[in-house]
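In case you want the letters, here they are:
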Amino acid sequence: MLCARISSRSLVSKKIPRDQLLYLGCGARKGLEYVSRLLVNQYKNASSLPVQAQVVVCGAGVVGNSIAYHLTKEGWTDVVVLDQSKVGSGTSHNGSGVLGLFKPSSERQIVTYSVNLIKELQKEGHQLGFKQCGSLNLARTRDRAIALKRRIAYTKPSGLECEWLDRHEVKRWHPHLYTGDLEGGVWVPGDAVADPYAVCSTLAALAQQQGAVYVDGCEVEHVVTDEVPHSQVVPKVTHVITSHGTIHCEYFVSASGMWARSLGEKSSPKVRIPVFPAEHFYLHTSVMGEAVDELPVLRDYDAHTFCLTRGHQFIVGGFERNAKPAFTSGIPPNWRQSLVGDDDHFRPIREAAEHRLPILKKAQYLPLVNAPDNFTPDGKWILGEAPEIDNYFVAVGMNGNSLQGAGGAGQAIAEWIMYGSLAKEMLPFDVRRFIDLHNNRRYLQERTQEVVGRHYEILYPCQCEYRLARKLRCSPIYSEQEARGAVFGTRMGFERPIYFDITHKRTDPPAQMPGGTFHKPAFLDCVREEYQACREGVGLIDLSSFTKIEVTSVGLDKYKQFDAEEAKSAGNQVVEFLQKLCSNDVNLPVGGVVHSGMQNERGGYENDCLLIRRAENSYLMLAPTTQQTRIMDWMRRHITPEACVSVSDITSMYSVLSVVGPKSREMLSLLCNADLVFYGHMSKEINLGYASGVLVLSFTHMGEPGYTFIIPAEYTLHIYTQLMKIGHDYGIRNVGMMTMRTLRVEKFIPFWAEELDSTTTPYEVGRGYKVKLNKEYFIGKFALMRQFSQGMTKRLVHLTLDDTFDVDTDIWPWGGEPIYRNNHYVGNTTSSAFGFTLNKMVCLGFVRHHEGQNVTPDYILHDAHFEIDIAGRRVPVCASLQPPKMPVVKMDGFASYRPRTRGIITQKL
């Protein structure tokens, strides 16, 4: 055998990195067999560059190899994998090798697939170091215990075995553990460990056996697209220029790890891939004998530390609260040589591990390994098709553990390429969740310092905002809001008031979010006052972060090949384009306003938007904040080269203020001379105060009477100031996003990314009346027709907790809680709030039939006892398919009140 001829000197001559050898374990024979296989694979990989391929994958790490493996397994054998060095020479082998299943559902599905794949490959005879050793997830504090119990509650129904243990039971699973300061922990027997480098190499070898071609030492210099004369049409990948020549391809996949961001700049247009490497450290002990083998993985979240065993050694790592960005001046060619261990930086993690495992105090440590890995701005993977270039896919940002998501991510990207879409929801990982801001190098470097540690932080729902890289996108009235006590959160980099502190004075420092809790939040009284203003007086909500898109026709001057007749039909083309995308009828009179979904072919939501017809050939769209990149990409991909249609992102040009409440019309009559009585959903362009060109809509997003103003950005501060002055005697209050959430949850209004996503249809959320099946073809029509006739397998329900729930003392539902009907698991909550009018806690959630049948109204309303599980406690709830009966709030008349305000604009202008 070849392994018999390999000596330690030959290993050195082949320059196998020392930290890779650490992962081989201590068995000499096993290590030599593995390295011999690796060297044979590397010899096979030395291929010349083909002139063409169906798919080119850049990066032969564990993720890139997984993509190649899954594509070739499905018969797509025309696959070429490029790497600037050799298979696994990047950061793939650096991870801990932990495969953790105790995660939110979207991540757990991907990791579960990874575990099953590696397990199956090892059964087939591949030596991958896979051991299903289980894990202990420890809690030092009561809040950590609640966080873990909440996770148990929504994880168990998925079939994952996990259980809460007290501190004495924890000791049974790990005899070396110190448990004196623990509340307890969660035992997850399905968690596993594997050798990251062995998995990486094996996937590469299998992909080659199935037809993939690997080309080593090949650097991508430029990804070339076709030339599209129509500026609105997304360009498509045509070929890739490399250091070995040019290869033509249909699809290009960036699985290039920490080089992905710079690779994204090597194309025209550039592709935005916001990732940044952080130094990530691992400490190995010397061999400590069989007594430390086969022990479960430890996660001491409150110490930001994890520990596992491999080859009779302990491996200690962690996610530091203040991480160190790596390669801040760019990744050098000899990047491995520039890495050094930082014992002082790692000391808190090492000491925490020694506290938890006293046996480590006697251990001999090998030199600290600095193994950088890629992190994203929000700590979630980046997967999907780039919005800038058609057929350019991205699979990067593994956030400290490439192996964990590699199998599932590879399978997802392969399915995306082969079928053009995914049956499962990938919204949390979609590459289109970012804007240019997120790809800014300075932004990424600063955010990386914080995002690493958040992996082990307690992220209290609605109460944990980022500290770093803030105040980047601000409303024109940000400073005024801050002076009036706004506590800000961030979405898409935009600062948005969560609520306004009622105790704050103008001369005080900026208001801050109080400490997080799973119980009644400290700011509930602030939200109550904002809520009452919206129901009884006037509330002012800044919605300037909303995405704003202009859809218009393109003139002849840009398209000389079109004749005059085609130009005349431009207006019709805009209507036809939107009619195709929208499930509601958008062919409105000028000035009309319509709320519509944009569906995919399965009938699921791709967008939830408001459309205002500004002219015969022009519409203005308001869409959710997080849709800024995603919906622009969706719309541009449906513009044909012949269409005279243009879509433009004008988000930064306008602010949006919503004036809500029964006194809003009376108050606004003092600022404008326009008739604010609307018949149906309409819009008008008015003068407001001294500002002109303000668009007013008879529509609010929280079910209360009022108006939405779309304001040229330069007028926003003036209008806000006048509204606050005049509104003083009407009880006007600034209102934050938490109150908006409360209003809409209580009234059973679904929102994007909570109830609405690409797997949810209008009929399932009670919006079937906004679907016009009598229209000519629109995307998703046939799927919705089928569902309309055949019925639904899930329904959104309104849930009110009964009187056994104590708002003041009990743990609150925050979304994600499992729903049980007659003791059968039937779904999960999506969002929740305290309903001040109902005086009850309210949740929204999806219910499925426990036997897989259609969900009918009878299933929800008759012979059904519903409960939700809140951190292990079942709480009875009342389920409904209709909004609750609440007092109807109407606009006040004009003669009932005379303001006493002086020195401000009080006459009609």
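Summarised in this report is the structure supplied together with it. Here the structure is a predicted model, which is why all the values come from computation and not from measurement.

**Thoughts on the overall build of the protein chain**
When its secondary structure is counted, the protein chain shows 22 helices and 39 strands. Overall size of the protein chain, expressed as C-alpha extent along the three principal axes, is 95 × 75 × 55 Å. Looking at the protein chain as a whole, 61% of its 909 residues qualify as buried. Within the protein chain, contacts between residues at least 6 apart in sequence are counted, and of these 73% link residues at least 24 apart. Of the accessible surface of the protein chain, which amounts to about 35700 Å², a share of 49% is contributed by carbon and sulfur atoms.

**Points about the sheet that holds strand β14 (residues 297-300)**
The strand order β5-β6-β4-β14-β15-β16-β13-β17 describes an open sheet built from eight strands, whose pairing is mixed. Since the sheet does not close on itself, it has two edges, and those belong to β5 (163-165) and β17 (369-370), each with one partner. Note: strand β4 (residues 135-139) against β14, four bridges, orientation parallel. Within the sheet, the bridge partner assigned to leucine 136 lies in β14 and is leucine 298. Most of the contacts of helix α10 (residues 343-356) go to strand β16 (residues 313-318), to which it runs at about 125 degrees, and overall it touches β4, β13 (281-284), β14, β15 (305-310) and β16.

**Details of the pattern of salt bridges**
Across all of its chains, the model carries 45 salt bridges by this definition. Between lysine 324 and glutamate 279 there is a salt bridge whose closest N-O contact spans 3.7 Å. Note that lysine 324 is positioned in the loop between β16 and α10 and glutamate 279 in the loop between β12 (276-278) and β13, a separation of 45 residues in sequence. Relative accessible area serves as the criterion here: at 26%, lysine 324 is assigned to the partly exposed category. Taking the relative accessible area as the measure of exposure, glutamate 279 reaches 14% and is therefore buried. Among the ionic contacts, a cluster of salt bridges with common partners joins Glu385, Asp390, Asp430, Arg432, Glu606, Arg630, Asp633 and Arg637.

**A closer look at the side chain of glutamine 628**
Looking at the secondary structure, you find glutamine 628 in the loop between β27 (618-623) and α17 (630-636). Among the polar contacts made by the side chain of glutamine 628, one reaches the side chain of arginine 473 at a distance of 3.2 Å. Residue contacts for glutamine 628: discarding those within four places in its chain leaves Ile435, Arg473, Met492, Thr547, Asp649 and Thr651.

**Considerations on the packing of aromatic side chains**
Evaluated as defined, the whole model comprises 23 aromatic pairs. Taking the centre distance of 6.3 Å and the plane angle of 90 degrees together, the rings of phenylalanine 327 and tryptophan 335 count as edge-to-face. Assessed through its relative accessible area of 7%, tryptophan 335 is described here as buried. A cation over a ring is seen here: arginine 874 above tyrosine 820, with NZ or CZ 3.6 Å from the ring centre.

**Regarding the packing of helix α4 (residues 62-73) against helix α11 (residues 402-419)**
Two quantities define a packed helix pair, namely the angle between the helix axes and the distance between the axes. Relative to each other, α4 and α11 sit at 40 degrees, their axes nearing to 8 Å. Classed by the angle they form, the pair α4 and α11 counts as oblique. When the axes of α4 and α11 are compared, the crossing they make is right-handed. Where α4 approaches α11, its residues Val62, Val63, Ser66, Ile67, His70 and Leu71 are matched on the opposing element by Ser402, Leu403, Ala406, Gly407, Gly410, Gln411, Ile413, Ala414, Ile417 and Met418. Residues belonging to the contact of α4 with α11 are distributed by class as follows: ten nonpolar, six polar and no charged.

**Re empty space enclosed by the protein**
Scanning the entire structure with this criterion turns up eight cavities of 30 Å³ or more. Of the pockets and cavities examined, the largest cavity occupies roughly 130 Å³. Around the largest cavity sit 15 residues that line it, and Met738, Thr742, Trp812, Ala833 and Phe834 are the ones nearest its centre. Where the lining of the largest cavity is concerned, the elements lending two or more residues are α14 (524-536), α20 (737-746) and β36 (824-835). Split by residue class, the lining of the largest cavity holds twelve nonpolar, two polar and one charged.

**Observations regarding α20**
Of all the ten residues making up α20, ten are buried; the element is thus mostly covered by neighbouring parts of the structure. Listing the buried residues of α20 in full gives Met737, Met738, Thr739, Met740, Arg741, Thr742, Leu743, Arg744, Val745 and Glu746. Phi turns positive one or two residues past the end of α20, at phenylalanine 748, with a value near 70 degrees.

**Points about the sheet that holds strand β31 (residues 691-697)**
An order of β30-β31-β32-β29-β23-β33 is seen for the six strands of this open sheet, with the pairing classed as mixed. The sheet is open, and its two borders are formed by β30 (683-688) and β33 (732-735), each paired with just one other strand. Here the strands of the sheet are splayed against their neighbours by 30 degrees on average, with no regard to which way each runs. As paired elements, strand β23 (residues 538-542) and β33 share four bridges and run parallel to each other. When the bridges of β33 are listed, valine 538 appears paired with isoleucine 732. Packing of α14 onto the sheet brings it into contact with β23, β29 (654-660) and β33, and relative to β33 it is tilted by some 125 degrees.

What counts and how
- Residues numbered from 1 in each chain as written.
- Predicted model: local features only at pLDDT ≥ 70, side-chain atom pairs only at ≥ 80, totals over all residues.
- Heavy atoms only, no water.
- Helix = DSSP H or I, 4+ residues; strand = E, 2+ residues; numbered from the N terminus.
- Buried < 20%, exposed > 50% of the residue type's maximum accessible area, 1.4 Å probe, protein only.
- Contact = heavy atoms within 4.5 Å.
- Areas by Shrake-Rupley, 256 points an atom, 1.4 Å probe, with all protein chains shown as cover.
- Pairing = 2+ DSSP bridges.
- Axes fitted to C-alpha atoms, helices over the stretch in contact; angles between N-to-C directions.
- Salt bridge = Lys/Arg side-chain N within 4 Å of Asp/Glu carboxyl O.
- Polar contact = N/O pair within 3.5 Å; in protein donor to acceptor, adjacent residues only side chain to side chain.
- Phe/Tyr/Trp six-rings, centres within 6.5 Å; stacked < 30°, edge-to-face > 60°.
- Lys NZ or Arg CZ within 6 Å of the ring centre and 35° of its normal.
- Parallel < 35°, antiparallel > 145°, perpendicular 65-115°, else oblique.
- Left-handed = near helix turned anticlockwise from the far one by under 90°.
- Nonpolar A, V, L, I, M, F, W, Y, C, P; charged D, E, K, R; others polar.
- 1 Å grid on protein atoms, 1.4 Å probe; cavity = no way out; pocket = protein on both sides within 12 Å on 5 of 7 lines; lining within 4 Å.
- Points joined across faces, edges and corners; volume = space filled by probe spheres on them.

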